Number of protein chains: 2
Amino acid sequence: MQRIQAYYRIESDAADVERKAQAIAVEQSVEMPLAPIDDAYVLENVIASVGEIVALNHGQFKARIDYGVDTVGDDVGQLFNVLFGNCSMLPGVEILDVELPPALLARLRGPRHGINGIRKLLGVERRAITATALKPQGSTTDKLLQLCQAMAEGGIDIIKDDHGIVDQYPHCRFAERVPALQRCVREVSARTGHKVIYAPNLSGDLLNMLKQLELCRDEGVEMVMAPPMLMGPANFNALVEQCDVPILAHPTFAGARRIAPELLFGKLLRLVGADGIIFTNYGGRFSYSLAQCTALAAASRAPWGNIAPAMPVPAGGMTVERVPELLATYGADTMLLIGGSLLEAGPRLRDRTQSFVDSVAACSAGG
Amino acid sequence: MQRIQAYYRIESDAADVERKAQAIAVEQSVEMPLAPIDDAYVLENVIASVGEIVALNHGQFKARIDYGVDTVGDDVGQLFNVLFGNCSMLPGVEILDVELPPALLARLRGPRHGINGIRKLLGVERRAITATALKPQGSTTDKLLQLCQAMAEGGIDIIKDDHGIVDQYPHCRFAERVPALQRCVREVSARTGHKVIYAPNLSGDLLNMLKQLELCRDEGVEMVMAPPMLMGPANFNALVEQCDVPILAHPTFAGARRIAPELLFGKLLRLVGADGIIFTNYGGRFSYSLAQCTALAAASRAPWGNIAPAMPVPAGGMTVERVPELLATYGADTMLLIGGSLLEAGPRLRDRTQSFVDSVAACSAGG
């Protein structure tokens, strides 16, 4: 029988940890007292079981819980439901990691393009990928267009919308913004010979996102961005199914839950089909440590059955000056996303963008 | 100018808190350095501002941040994005509460049925509502049918699917289960004269849920359940738009360590249209306190512009013996949801259900 193996950090004293792990196993599988269950199928395939429990530091334990693969079926939402549904509300419990049987990996599929697809699209074989964001929300389409042009001429690879730019402003409608910005990157790419891609931010409910995706397809947009934790992983996965270009996962709203970042960004978002995974970089304004960031980047690229590697995209408070350090940390199979720090250059936006691009090229050549 | 007022708990020393609050205001609005921003519209309507900051205990502060209402538009997902998108990943930050201007409330609408709609549907004017869950997942449709019949004959008001029952088992397909269970509650209601409602659990991505909703409509199902935090609030809201019966919000994946439960369950889920809001009760196996539970129940029923009151639905490790205490705590505008503790009765399921029903009736008569 195939089992899903999930690992949880449990705060407990030694005497109680077995009972607490058992409570999670019951909560996340049958969620009822075991005594009245007499169905042989349920007893064998549905009730989760507790595996190895190892002590960590300071009243913390790591417990493995094994779930029947049938409990998930081929429903990505149900995978999250089984792994961390109700137990997300238990005190002192965090999910650390998961191992999935090959049959489930084959059904869920993961990134459709991944690192290789993004490299091929850009025609960039070895160096790290450069990316930036259009900001601030509330700007007119014309203003974003000016920024886009300067950054494209600076030689960047990917220009994405800020995730706060949805379809809320009459002066910056998705239906006008996306064709205008796509024309801009196409024109600059043709003129300079350097391929620049624009990645619009999809928003609203899934039905609206699918309509936006249709417009992107009509305009020849070659990459899109969407927020898996805000829209729900099953809906992100449904979007991936309909999307024929690489998709970037934005981390907004991800921090509201007790899921280890290495697991969430390194494995689960890859599993639901993100080709590039934006996460908040160490040493910036967010809370992930260097160790967490390198672990999640490694996880996003590690061999994993049939699941293609996803491109790690560190972001958040990064500067051009940090490029050598960041590339030493993450290596070349990385997309560096620098937004605000480029925009700070104001009228020198094109030059600052070019410094970013040159720095990545120089570091990659030296590596 | 109308502003959205959001309140955050910030861990800080006194010297730093103003700077940290300002960082959240920037992060959640323009997410870039302010210096290069020269657009008058953005300066006036988009950049968030810091309001009052008050000291709480032990290096904790409560800060108000005011957001321009234009930044949200009429997009429910964007509301969550603005309130707790990136700052969900900042260390030591929790969102506590929000006040929304009337124009935004009018656009978002909230519950379509709410407490009054649920009471009318059941024909129950004053007493508390009784509810239970079909479990465990993995059972055949026939087994669930037997449980449903016993609980319906015991006189319960609402029988919902366990949230772990999706469409993963060939022996318990949604398309077979829902018509069979709906026929059961209709038959028992007709025979006994006591109205019983079956609420199926919708699952998968939004497109699949909308298909399931269609089937429910065809079968005359009078209530459904869906998980807003697993499917994303914008997608839950889209489901509400298409749903002509009351909808219960299941708390799975809510894991709201850094969203105050009073805000998440008491206000935000009501805002996106949940008619009944299931939450994990105090004194059970989850982590919410009595004070949090009573505060969230009060919030779900409090007057709030044009937003109808939603029915609070405490659940999780509750027993029939606790009914008097629970009703003394929550009052009659409450749906008590007892699942596992009824199912523990095995062959005496019908009688245990009837004890639950009788206890609610007795307490309500005495009240």
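As shown above, the structure is provided for reference.
Residues numbered from 1 in each chain as written. Chains lettered and ligands numbered in written order. Predicted model: local features only at pLDDT ≥ 70, side-chain atom pairs only at ≥ 80, totals over all residues. Heavy atoms only, no water.

### Details of the layout of surface pockets
Left-over empty space is what a probe sized like a water molecule reveals as it rolls over the atoms.
(1) Moving on: Here the largest pocket defines a volume of roughly 600 Å³.
(2) Moving on: What lines the largest pocket is a set of 30 residues, and nearest its centre among them are D205 of chain A together with D74, D75, V76 and N237 of chain B.
(3) Moving on: Every element with two or more residues in the lining of the largest pocket is listed here: α8 (206–219) of chain A together with α4 (102–108) and α10 (233–242) of chain B.
(4) Moving on: With five residues, the top contributor of residues to the lining of the largest pocket is α10 of chain B.
(5) Moving on: Residues belonging to the lining of the largest pocket are distributed by class as follows: 11 nonpolar, eight polar and 11 charged. (1 Å grid on protein atoms, 1.4 Å probe; cavity = no way out; pocket = protein on both sides within 12 Å on 5 of 7 lines; lining within 4 Å. Points joined across faces, edges and corners; volume = space filled by probe spheres on them. Helix = DSSP H or I, 4+ residues; strand = E, 2+ residues; numbered from the N terminus. Nonpolar A, V, L, I, M, F, W, Y, C, P; charged D, E, K, R; others polar.)

### Some words on the sheet that holds strand β4 (residues 93–99) of chain A
Residues and elements named next belong to chain A.
(1) Moving on: Read across the sheet, four strands follow the order β2-β3-β1-β4 without closing on themselves; strand pairing throughout is antiparallel. A strand with exactly one partner marks an edge of an open sheet, and here the two such strands are β2 (49–55) and β4. With strand direction ignored, the average angle separating the axes of adjacent strands in the sheet is 25°.
(2) Moving on: The pairing of strand β1 (residues 3–11) with strand β3 (residues 60–68) spans nine bridges and is classified as antiparallel. Residue E11 lies in a different strand from β3, and its bridge partner there is Q60.
(3) Moving on: Sitting on the sheet, helix α1 (residues 17–27) touches β1, β2, β3 and β4, and the angle it makes with β2 is about 140°. (Pairing = 2+ DSSP bridges. Axes fitted to C-alpha atoms, helices over the stretch in contact; angles between N-to-C directions. Contact = heavy atoms within 4.5 Å.)

### Considering the sheet that holds strand β3 (residues 60–68) of chain B
Residues and elements named next belong to chain B.
(1) Moving on: One open sheet holds the four strands; their spatial order is β2-β3-β1-β4, and the pairing between them is antiparallel. Of all the strands in the sheet, just β2 (49–55) and β4 (93–99) have a single pairing partner and so form its edges. Adjacent strand axes in the sheet meet at a mean angle of 25°, parallel and antiparallel pairs treated alike.
(2) Moving on: Direction of pairing for strand β1 (residues 3–11) relative to β4: antiparallel, over a ladder of six bridges.

### As for the interface of chain B and chain A
When the parts come together, some accessible area is lost, and that loss is often what is quoted as the size of the interface.
(1) Moving on: In this assembly, 75 residues from chain B lie in contact with 75 residues from chain A.
(2) Moving on: Taken over both partners, the interface formed by chain B and chain A buries close to 6000 Å², and the fraction arising from carbon and sulfur atoms is 58%.
(3) Moving on: A salt bridge links D38 of chain B to K143 of chain A; its shortest N-O distance comes to 3.5 Å.
(4) Moving on: Taken together, the links from chain B to chain A amount to 24 residue pairs in polar contact (both at pLDDT 80 or more).
(5) Moving on: Counting residues per element, the side of chain B that touches chain A draws most heavily on helix α3 (residues 76–84) of chain B, at five residues.
(6) Moving on: Taken together, the residues that form the side of chain B that touches chain A break down as 35 nonpolar, 27 polar and 13 charged. (Buried area = accessible area lost by both parts, 1.4 Å probe. Salt bridge = Lys/Arg side-chain N within 4 Å of Asp/Glu carboxyl O. Polar contact = N/O pair within 3.5 Å; in protein donor to acceptor, adjacent residues only side chain to side chain.)

### Considerations on the relation of the copies chain B and chain A
(1) Moving on: Mapping chain B onto chain A leaves a residual RMSD of 0.1 Å; the transformation is a rotation of 180° accompanied by 0.0 Å of translation along its axis. Such a turn and shift between the copies fits a two-fold axis. Taking C-alpha positions as the reference, the residue of chain B nearest the rotation axis is G232 of chain B, at 2.3 Å.
(2) Moving on: Both copies share a contact surface, since 100% of the interface residues of chain B are interface residues in chain A too. (Least-squares fit on C-alpha atoms with pLDDT ≥ 70 in both.)

### As for the pattern of salt bridges
(1) Moving on: In this structure the tally under the stated criterion is 40 salt bridges over all chains.
(2) Moving on: Residues K267 of chain A and E99 of chain A are paired through a salt bridge, measuring 3.8 Å at the closest nitrogen-oxygen approach. Of the two residues, K267 of chain A is situated in helix α11 (residues 261–271) and E99 of chain A in strand β4; the sequence distance between them amounts to 168 residues.
(3) Moving on: Since its relative accessible area comes to 11%, K267 of chain A is described here as buried.
(4) Moving on: A salt bridge links R112 of chain B to E241 of chain B, with the nearest nitrogen and oxygen atoms 2.9 Å apart. (Buried < 20%, exposed > 50% of the residue type's maximum accessible area, 1.4 Å probe, protein only.)

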